[in-house]
Amino acid sequence: MSGALSQRESEILTFERSWWSAGGAKETAIRERFDLSAAHYYRLLGELIDRPEALEQDPLLVRRLRRQRLARQRARSVRRARG
């Protein structure tokens, strides 16, 4: 997918930036706001943060999410290596 972000993609970035301020469980908020399972939401978010348009729209958020993803991937690799 290329070009400008869709309205929904922009809403996902906005939600991700501020979901914690609303309180409550994030998975419940995802279901209520986007009518998605948490797994589907995170899959979409992962694809979204790889897009240059997302980085352009919210560079601080996208870089933070990319760093967090990389840290999780590294932690999984370490756990697998320790077996």
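Owing to the predicted nature of the structure, the values given are computational and were not obtained by experimental measurement.

Colleague: Just give me the short version of the overall build of the protein, but keep the residues and values in it.
Modeller: Helix and strand content of the protein: 5 helices and 0 strands. Element order for the protein, N to C, with α for helix and β for strand: α-α-α-α-α. For the C-alpha atoms alone, the extent of the protein along its principal axes is close to 45 × 30 × 20 Å. Within the structure as shown, the protein displays about 5800 Å² of accessible surface, and the carbon and sulfur contribution to it stands at 52%. Placing the 18 positive and 11 negative side-chain charges of the protein at their respective mean positions leaves the two points 10 Å apart.

Colleague: Can you break down the nonpolar core residue by residue, with the values?
Modeller: Formed by 15 residues in total, the largest nonpolar core has its most connected members in I12, L13, F34, Y41, L45, L48 and A54. Sorting the residues of this core by element identifies α1 (7-18), α2 (26-34), α3 (38-48) and α5 (59-82) as the ones contributing at least two each.

Colleague: Can you lay out the pattern of salt bridges for me, pointing to particular residues and giving the numbers?
Modeller: One pass over the full model with this rule turns up 5 salt bridges. A salt bridge links E9 to R51, with the nearest nitrogen and oxygen atoms 2.8 Å apart. Taken together, the residues span a long stretch of sequence, with E9 in helix α1 and R51 in the loop between α3 and α4 (52-57) at a distance of 42 residues. For the pair E9 and R51, one class covers both residues: buried. D58 is the partner of R17 in a salt bridge, and the nearest nitrogen-oxygen pair spans 2.5 Å. Separated by 41 residues along the polypeptide, R17 in helix α1 and D58 in the loop between α4 and α5 bring together distant segments of the chain. A relative accessible area of 36% means that R17 is categorised as partly exposed. On the accessibility criterion, D58 (10% relative accessible area) is buried. Overlapping salt bridges, with partners in common, bring together E9, R51 and E53 in one network.

Colleague: Lay out α5 with the relevant residues and their values.
Modeller: Between its first and last C-alpha, α5 extends 35 Å over 24 residues, near the 34 Å set by a 1.5 Å rise per residue. For α5, the complete set of buried residues consists of L61, V62 and L65.

Colleague: Explain unusual backbone geometry to me, and be specific about the residues and the numbers.
Modeller: Phi at D35 takes a positive value of approximately 55°, unusual for a residue other than glycine. By the element assignment, D35 lies in the loop between α2 and α3.

What counts and what doesn't
- Residues numbered from 1 in each chain as written.
- Predicted model: local features only at pLDDT ≥ 70, side-chain atom pairs only at ≥ 80, totals over all residues.
- Heavy atoms only, no water.
- Helix = DSSP H or I, 4+ residues; strand = E, 2+ residues; numbered from the N terminus.
- Areas by Shrake-Rupley, 256 points an atom, 1.4 Å probe, with all protein chains shown as cover.
- Lys, Arg positive; Asp, Glu negative; His and termini not counted.
- Charge placed at Lys NZ, Arg CZ, Asp CG, Glu CD.
- Core = buried A, V, L, I, M, F, W, Y, C linked by side-chain atoms within 4.5 Å.
- Buried < 20%, exposed > 50% of the residue type's maximum accessible area, 1.4 Å probe, protein only.
- Salt bridge = Lys/Arg side-chain N within 4 Å of Asp/Glu carboxyl O.
- Expected span 1.5 Å × (residues − 1).

Taken by themselves, the reported measurements are silent on function.
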